[in-house]
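Below are the chains, spelled out letter by letter.
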Amino acid sequence: MAVDPAFLPLGVPVWLDTKAPDGTPLQRLMVAQDVGSAIKGPIRGDLFWGTGPRPLNLPGRMKSNGRYYVLLPKAAGPIAP
């Protein structure tokens, strides 16, 4: 997933919850691993759909609203003696 690195560090796992261009649910674990010149701000993201004829038609039709959740490790508490 391409993100704005000013708001989301590269390499973090992200749970994506949106809809594909055909309206089917699109829920999957992704990794913030790319940046894009049009991806500006904390609520923007872009998906790489793959190569070949079918994936080339999907990105232009992907205009769905959705949510993503950044998955971070739980902070370690104090260690009991």
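Everything below is about the structure printed above this text.
The shown structure was predicted, so the numbers you read here are calculated from the model rather than taken from an experiment. (Residues numbered from 1 in each chain as written. Predicted model: local features only at pLDDT ≥ 70, side-chain atom pairs only at ≥ 80, totals over all residues. Heavy atoms only, no water.)

Draft legend 1. Structural view of the nonpolar core. In terms of nonpolar packing, the biggest core is built from ten residues, these being M1, V3, L8, V12, V14, L16, L26, M30, A32 and L47. Secondary-structure elements contributing two or more residues to this core are β1 (13-19) and β2 (25-31). Look past the residues within four positions of M30 in its chain and what remains in contact with it is M1, V12, P13, V14, L16 and L47. (Core = buried A, V, L, I, M, F, W, Y, C linked by side-chain atoms within 4.5 Å. Buried < 20%, exposed > 50% of the residue type's maximum accessible area, 1.4 Å probe, protein only. Helix = DSSP H or I, 4+ residues; strand = E, 2+ residues; numbered from the N terminus. Contact = heavy atoms within 4.5 Å.)

Draft legend 2. Representation of the sheet that holds β2. If you trace the three strands from one edge of the open sheet to the other, you get β2-β1-β3, paired in antiparallel fashion. The two strands at the open ends of the sheet, each matched to only one other strand, are β2 and β3 (67-70). Going across the sheet, the axis of each strand differs from the next one's by a mean of 15 degrees, ignoring polarity. Strand direction decides the pairing type here: β1 and β3, joined by four bridges, are antiparallel. Within β3, the position partnered with V14 by the bridge is V70. (Pairing = 2+ DSSP bridges. Axes fitted to C-alpha atoms, helices over the stretch in contact; angles between N-to-C directions.)

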